[in-house]
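# A closer look at the structure
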Amino acid sequence: MAQEYKVLFRLIYCCGLRNNEACSLKTSDIDLSRGCLSIYQSKGSKDRIVYLSEDLCALCLDYLDWLHGQLGFMPKWFFPGRNPGVHIPKTSIDRKFNEFWKATTSSSSCDKKPTVHCLRHAYVIKRINLWMEEDAPLHVMMPYLSSYLGHKGPMETYYYYHQVEDAFRTIKRKDSVSSRVIPEVRHEE
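Everything quoted here is computed from the prediction, not taken from an experiment. (Residues numbered from 1 in each chain as written. Predicted model: local features only at pLDDT ≥ 70, side-chain atom pairs only at ≥ 80, totals over all residues. Heavy atoms only, no water.)

### Observations regarding helix H6 (residues 138-149)
Taking 1.5 Å of rise per residue, the 12 residues of H6 would be expected to cover 16 Å, and the 16 Å separating its terminal C-alpha atoms lies within 8% of that figure. For H6, every residue scored as buried is listed here: Leu-138, Met-142, Leu-145, Ser-146, Tyr-148 and Leu-149. Buried residues of H6, seen end-on, are gathered within an arc of 160° and therefore sit on one face of the element. (Helix = DSSP H or I, 4+ residues; strand = E, 2+ residues; numbered from the N terminus. Expected span 1.5 Å × (residues − 1). Buried < 20%, exposed > 50% of the residue type's maximum accessible area, 1.4 Å probe, protein only. Arc of directions from axis to C-beta.)

### Comments concerning the packing of H6 against helix H7 (residues 154-161)
Where H6 contacts H7, the axes come no closer than 8 Å and their chain directions differ by 90°. Between H6 and H7, the interaxial angle falls into the category roughly perpendicular. In contact with Leu-138, Met-142, Pro-143, Leu-145, Ser-146 and Leu-149 of H6, H7 contributes Pro-154, Thr-157 and Tyr-158. Taken together, the residues of the contact of H6 with H7 sort by class into 7 nonpolar, 2 polar and no charged. (Axes fitted to C-alpha atoms, helices over the stretch in contact; angles between N-to-C directions. Parallel < 35°, antiparallel > 145°, perpendicular 65-115°, else oblique. Contact = heavy atoms within 4.5 Å. Nonpolar A, V, L, I, M, F, W, Y, C, P; charged D, E, K, R; others polar.)

### A word on the packing of helix H5 (residues 117-133) against H7
One can describe the packing of H5 onto H7 by two numbers: an axis separation of 8 Å at closest approach and a directional angle of 100°. In terms of orientation, H5 lies roughly perpendicular with respect to H7. On the side of H5, the interface is formed by His-117, Arg-120, His-121, Val-124, Ile-125, Ile-128, Asn-129 and Met-132, while H7 contributes Thr-157, Tyr-160 and Tyr-161. For the contact of H5 with H7, the class distribution of residues is 6 nonpolar, 4 polar and 1 charged.

### Observations concerning the environment of Tyr-158
Within the element layout of this structure, Tyr-158 appears in helix H7. For the pair Tyr-158 and Ile-128, spaced 30 residues apart in sequence, the C-alpha to C-alpha distance is 9.2 Å. Among residues more than four places away in sequence, those in contact with Tyr-158 are Leu-138 and Met-142.

### Digging into the pattern of salt bridges
What the rule picks out here adds up to 5 salt bridges. Residue Arg-48 pairs with Glu-21 through a salt bridge whose shortest N-O separation is 2.8 Å. Of the two residues, Arg-48 sits in strand E3 (residues 48-51) while Glu-21 sits in helix H2 (residues 19-23), which places them 27 residues apart along the sequence. Classification of Arg-48 by relative accessible area gives buried; the value is 9%. Each of Arg-18, Glu-21 and Arg-48 takes part in one network of salt bridges that share partners. (Salt bridge = Lys/Arg side-chain N within 4 Å of Asp/Glu carboxyl O.)

### Concerning unusual backbone geometry
Located in the positive-phi region is Gln-41, a residue other than glycine, with phi close to 50°. Tracing the backbone shows Gln-41 in the loop between strand E2 (36-39) and E3. For Asp-135, which is not glycine, the phi dihedral falls at a positive 60°. Locating Asp-135 in the fold gives a position in the loop between H5 and H6. For Asp-135, a relative accessible area of 57% puts it in the exposed group.

Take a look at the structure:
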């Protein structure tokens, strides 16, 4: 069902969720009036609240209406499997993501195939880049992002950011020191 994957992949990307967190969301974990998800007993036995944008709330509400219409009742799981008493398995998400990826024109020219977890990485990179562009103090913001992602601390979050081409472009634009410290090398003929 394309309807559920559209919502599931968007939740993973827009909220930085782990695959298993999205799969195992219960309908009772979603409070669309407050615009948040409650994530319970995630990695490291951590609980946290994840906030949703207005458009994501609206998408989730439409999805819940659609789901109720399909099943005739509100299931326990936000993304039920074929048997509504069980949530969608992670392997189904991985398989469907690969199917969607192979259908894109980029799949034939990309040397490294993305995974569902790459959506979480992309969320972190985009968020940090936006803060850098806005001159937000990263040392202040990173503990919040780490908590939002369910990480132990900022160092665990920075791991997602290393060796990313976008990161280097952003850092280079914001860097005012290296050109004074490291001189440009000119090749003279």
